[in-house]
Amino acid sequence: QSSVTISGTADMYVGSIKYAGTDRLSKVGSGGMTTSWLGFSGTEDLGNGLKAGFAFGSFIRMDSGSYGRFNGDTTYARDANVSLSGGFGGLKLGRSSSPNFVPSLLVNPFGASFAFSPLIQHMDMTNVPGYVKTAQADTGWSNQVVYSTPKLGGLTVNLHYQFSNLSSPDDNKNNAAISATYFSGPLTLAGFYEQAELTNPNVSARAFKTSDWMIGGAYDFKFVKAFLSYGAADDMAIDGDDAGTLQVGASVPLGAGKLLASYAQTNYDPGASSDLKRKTLSVGYDYPFSKRTDLYTVVMHDRFTGTNSGTSYAVGLRHNF
Amino acid sequence: QSSVTISGTADMYVGSIKYAGTDRLSKVGSGGMTTSWLGFSGTEDLGNGLKAGFAFGSFIRMDSGSYGRFNGDTTYARDANVSLSGGFGGLKLGRSSSPNFVPSLLVNPFGASFAFSPLIQHMDMTNVPGYVKTAQADTGWSNQVVYSTPKLGGLTVNLHYQFSNLSSPDDNKNNAAISATYFSGPLTLAGFYEQAELTNPNVSARAFKTSDWMIGGAYDFKFVKAFLSYGAADDMAIDGDDAGTLQVGASVPLGAGKLLASYAQTNYDPGASSDLKRKTLSVGYDYPFSKRTDLYTVVMHDRFTGTNSGTSYAVGLRHNF
Amino acid sequence: QSSVTISGTADMYVGSIKYAGTDRLSKVGSGGMTTSWLGFSGTEDLGNGLKAGFAFGSFIRMDSGSYGRFNGDTTYARDANVSLSGGFGGLKLGRSSSPNFVPSLLVNPFGASFAFSPLIQHMDMTNVPGYVKTAQADTGWSNQVVYSTPKLGGLTVNLHYQFSNLSSPDDNKNNAAISATYFSGPLTLAGFYEQAELTNPNVSARAFKTSDWMIGGAYDFKFVKAFLSYGAADDMAIDGDDAGTLQVGASVPLGAGKLLASYAQTNYDPGASSDLKRKTLSVGYDYPFSKRTDLYTVVMHDRFTGTNSGTSYAVGLRHNF
């Protein structure tokens with residue numbers, strides 16, 4: 001019998017949430033710092049340096065106990081893949097994270113916080129009326145083949161291709177991308193370029209192709225870890241709009257925990273009319289009870305041209321298993 | 001890597017089922033004694049007496065292999081929560097059992113049998129046409145924060161609060177409750193008071209507030225364990241109805257197993273018209289193959305004013321893992 | 001605490017697929033050789049030769065990360081049952097494999113490949129426009145009670161009964177069947193006869209009863225394992241159609257792997273009009289990296305009267321855990 005690893009994150013917060021242009025809502029929410037999930041994975045050593053592996057992972061909205069990130073998400077939206085790796089690099093088949101996801105979480109101090117990371121908010125979320133997320137093609141891709149190079153120094157390059165699995169005339173539509181990460185001592189660099197003709201997680205053909213890219217990094221000066229990223233996107237909501245997002249951040253050791261701060265600004269050009277600006281600042285404190293469990297508190301201020309600004313407050317508990 | 005516990009119950013019966021006012025149906029059914037479920041949980045010792053924990057649990061209708069207790073239930077309707085406990089007591093965030101659930105299963109000999117416990121039938125089920133369940137707000141609450149006191153002698157008191165997580169004008173609607181359990185030698189006492197403005201498991205605003213309470217207990221005389229409970233409810237189906245439920249029960253060691261008997265009577269006052277009475281008697285025998293696996297048989301007789309009565313027969317196998 | 005086994009299969013392929021009468025589609029697909037799944041099971045020794053057991057298993061479409069074999073499948077469509085076994089044989093209650101399933105996979109060299117086994121294609125799949133699958137009642141039955149005899153020599157006989165769990169007038173509708181397997185050294189024999197008044201996995205009453213049977217076997221001559229089966233069905237799409245399916249196959253050790261070949265021919269008589277013939281040939285090579293992980297490639301040629309023929313090509317990776 002093989003050995004299967006069960007892992008995941010249970011992350012809940014209590015907060016008073018107000019994004020730009022929305023009403024204030026007091027709530028208990030799921031996934032303040034990490035989207036809550038439950039998964040099963042394993043690897044098998046095949047000899048000759050080869051390894052096989054699999055991963056099945058589900059997101060969970062712990063507030064209601066619903067599967068997925070939203071109604072209509074696929075059950076194993078986080079992971080449903082089989083892989084083979086060895087001296088040639090790695091090959092992964094199935095649903096797995098999209099090119100934009102890992103780079104985006106490495107270059108900002110709030111990581112993959114879909115609730116409170118300004119960068120993730122601007123790239124992936126649609127909370128703010130009138131705002132258009134820059135990474136249209138989701139943080140996971142279905143029908144995906146990913147080839148990853150072997151580690152060259154600290155560099156890994158990944159080639160991503162998503163089949164449509166749709167019948168004619170959409171059978172040749174695809175998503176394609178390159179992403180890369182580089183780790184060397186205190187330095188982290190990451191980036192991606194992706195173009196998408198398909199929606200996710202439920203695949204259908206977009207009316208027009210969208211593309212986006214980002215490059216960024218982090219440097220750990222010990223007294224502060226500094227983060228910086230810049231990215232741009234074209235043809236998101238309409239064929240002709242574009243956007244650019246600059247993000248700066250810092251993580252500062254303070255007491256037993258860390259003070260976190262990140263600011264993102266996106267200039268969104270909707271085509272005909274003048275630029276709209278989204279400006280989001282989050283400041284938080286993350287206190288680790290252990291390597292697996294932390295308590296966090298965040299204040300987020302969010303502005304968007306033409307709407308009233310919003311400030312959110314939250315305190316939460318994240319437990320990794 | 002952390003250690004995750006997989007647990008659950010697989011419980012199936014074959015029976016001929018007839019509730020008051022319904023047609024007889026021969027069937028193989030799921031969850032005769034315990035609603036079948038599968039779950040994942042774990043705890044982490046954080047030092048200083050602190051512990052973190054999580055639980056994800058799904059109900060399963062094993063007859064069809066469907067998730068949930070009914071179509072439209074949430075996937076992790078049983079548990080989806082993260083918790084922190086220590087000298088201060090315990091705090092639990094997410095979906096977890098509602099205030100009425102644990103008290104109700106402690107004070108009757110059929111425990112949490114949604115199929116055959118007269119008390120659970122009267123509180124939580126809608127099998128009988130025209131009958132209105134007294135605990136309108138489900139046995140699990142979404143968007144819930146539960147604070148539990150440390151054990152004071154054998155006493156634990158729990159404060160429950162459910163956020164609506166709904167937008168205006170329902171943002172301040174809530175469910176709120178207090179529940180308590182007391183264990184001391186042969187004596188068990190349990191009770192709750194809850195008021196609900198929200199539905200569950202899928203949360204929406206009720207048209208009017210409902211409230212219900214129950215107090216009960218059990219005493220183990222060795223040759224018999226006796227059970228008694230009384231509870232009442234207001235404003236369930238309409239703003240102005242009310243109900244009161246008396247339940248008596250006994251569990252008697254007999255051979256290697258236990259003879260179980262429970263009778264519940266509910267006087268339901270629908271407002272304008274005169275009282276309707278539901279009277280349900282279940283007698284069963286539970287034979288343990290082991291501490292984890294038992295064989296059971298139950299006869300249930302069910303009457304409700306204005307309908308024909310029904311008698312159900314079932315034999316089932318329950319396996320806990 | 002009990003010990004729960006996690007098991008499953010992660011199987012993905014990249015292929016260019018064209019069934020008879022369909023358009024060619026290049027895709028990454030789930031379940032080339034085995035339908036991908038994830039499951040939880042366990043057994044408990046009760047003493048006196050008795051054992052209790054349970055199984056919960058979900059199919060997964062790994063391309064999109066969706067649960068089930070298709071939209072609308074039940075979540076635990078593979079397994080949701082509890083069982084008791086001992087000297088008397090075995091009794092299984094809940095959702096489990098149907099009478100046709102295990103025999104069908106034993107008598108053809110592609111086993112339970114719903115994508116590429118000609119026999120499974122003809123019995124269970126509806127990819128080809130106008131073709132009617134012969135085993136109408138699914139490869140799993142809901143509401144099922146299965147009694148299995150003790151092993152008599154290498155023989156096991158199973159009696160299957162499916163309750164409708166439907167209200168009047170469909171309360172007495174049922175599916176019923178007998179199946180058997182026999183293993184003795186190099187010889188495998190298997191067969192079934194089933195009649196179905198109910199659909200699966202979501203149970204409703206069929207307009208008329210259908211029946212089908214199959215008998216087949218395999219013999220391992222070492223240099224080749226030969227497979228042969230014949231089966232017939234009545235009243236599938238309409239009350240009055242019928243079909244007969246002959247399948248021959250071989251598995252030949254070649255290098256470190258096995259060459260697989262299987263041919264199935266079904267004569268489908270739709271009633272009024274003349275017979276339609278489906279002829280499907282698959283040839284493949286299966287290379288084992290280990291006992292748990294294999295690489296496979298398959299070419300399948302598929303013809304059906306009145307439509308253009310199709311040839312499919314695929315290469316895939318299967319990992320059992």
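Since we're looking at a predicted model, the values are computed, not measured.

Definitions and cut-offs
- Residues numbered from 1 in each chain as written.
- Chains lettered and ligands numbered in written order.
- Predicted model: local features only at pLDDT ≥ 70, side-chain atom pairs only at ≥ 80, totals over all residues.
- Heavy atoms only, no water.
- Least-squares fit on C-alpha atoms with pLDDT ≥ 70 in both.
- Contact = heavy atoms within 4.5 Å.
- Helix = DSSP H or I, 4+ residues; strand = E, 2+ residues; numbered from the N terminus.
- Buried < 20%, exposed > 50% of the residue type's maximum accessible area, 1.4 Å probe, protein only.
- Lys, Arg positive; Asp, Glu negative; His and termini not counted.
- Salt bridge = Lys/Arg side-chain N within 4 Å of Asp/Glu carboxyl O.
- Pairing = 2+ DSSP bridges.
- Phe/Tyr/Trp six-rings, centres within 6.5 Å; stacked < 30°, edge-to-face > 60°.
- Lys NZ or Arg CZ within 6 Å of the ring centre and 35° of its normal.

## Notes on the relation of the copies chain A and chain C
Argument step 1. Aligned on chain C, chain A shows an RMSD of 0.0 Å; the corresponding rotation is 120° and the shift along the axis is 0.0 Å. This pairing of chains is accounted for by a three-fold axis.
Argument step 2. Looking at the interface residues of chain A, only 6% of them are also at the interface in chain C, so each copy uses its own face.

## A few points about the side chain of B:Asp212
Argument step 1. Within the element layout of this structure, B:Asp212 appears in strand β12 (residues 205–220).
Argument step 2. Nearest to the buried, unbridged B:Asp212 among oppositely charged side chains is B:Arg206, at 9.0 Å.

## A few points about the pairing of strand β8 (residues 140–148) of chain B
Residue and element names in this part refer to chain B.
Argument step 1. Of all 9 residues in β8, 8 are buried; the element is thus mostly enclosed.
Argument step 2. Relative to strand β9 (residues 155–163), β8 runs antiparallel, the two being bridged by 5 bridges. Paired with valine 146 across the strands is histidine 160, a residue of β9.
Argument step 3. A loop of 6 residues connects β8 with β9, the two strands running antiparallel in sequence, and glycine 153 in this loop sits at a positive phi of about 65°.

## Structural notes on unusual backbone geometry
Argument step 1. Of the consecutive residues C:Ser168 and C:Pro169, the connecting peptide bond is found in the cis state with omega at 10°.
Argument step 2. Relative to the assigned elements, C:Pro169 resides in the loop between β9 (155–163) and β10 (174–184).
Argument step 3. Cis geometry is found at the peptide bond from C:Asn200 to C:Pro201, where omega equals 0°.
Argument step 4. Mapped onto the elements of the fold, C:Pro201 is located in the loop between β11 (187–198) and β12 (205–220).
Argument step 5. Here A:Asn143, not a glycine, exhibits a phi torsion of approximately 50°, which is positive.
Argument step 6. Residue position: A:Asn143 is located in strand β8 (residues 140–148).
Argument step 7. Its identity as a non-glycine residue notwithstanding, B:Lys222 has a phi of 75°, on the positive side.
Argument step 8. By the element assignment, B:Lys222 lies in the loop between β12 and β13 (225–234).

## Topic: the pattern of salt bridges
All names here are of chain A.
Argument step 1. Evaluation of the coordinates by the stated rule reveals 21 salt bridges over all chains.
Argument step 2. With a shortest N-O distance of 2.7 Å, aspartate 294 and arginine 318 are connected by a salt bridge. Here aspartate 294, found in strand β17 (residues 293–304), pairs with arginine 318, found in strand β18 (residues 310–320); they are 24 residues apart in sequence, far enough to count as distant. Summarising the burial analysis for this pair, aspartate 294 and arginine 318 share the class buried.
Argument step 3. Beyond isolated ion pairs, a larger network of salt bridges with shared partners links Arg69, Asp73, Arg95 and Asp138.

## Looking at the packing of aromatic side chains
Argument step 1. Enumeration over the complete set of coordinates arrives at 39 aromatic pairs over all chains.
Argument step 2. Where C:Phe101 meets C:Phe114, the ring centres are 6.3 Å apart and the plane angle is 25°; that geometry is what we call stacked. Pair noted here: C:Phe101 is in helix α1 (residues 101–106) and C:Phe114 is in the loop between α1 and α2 (118–124), with a separation of 13 residues, a long-range link.
Argument step 3. Since its relative accessible area comes to 15%, C:Phe114 is described here as buried.
Argument step 4. With centroids separated by 5.6 Å and ring planes inclined at 90°, the aromatic side chains of C:Tyr131 and C:Phe304 adopt a geometry described as edge-to-face. In this pair, C:Tyr131 is assigned in the loop between α2 and β8 (140–148) and C:Phe304 in strand β17 (residues 293–304), connecting sequence segments 173 residues apart. Neither C:Tyr131 nor C:Phe304 differs from the other in exposure class; each is buried.
Argument step 5. Sitting over the face of the ring of B:Tyr131, B:Arg278 holds its NZ or CZ atom 4.7 Å from the ring centroid.
Argument step 6. Taking NZ or CZ as reference, C:Arg78 lies 3.5 Å from the ring centre of C:Trp37, over its face.

On their own, these measurements won't tell you what the molecule is for.
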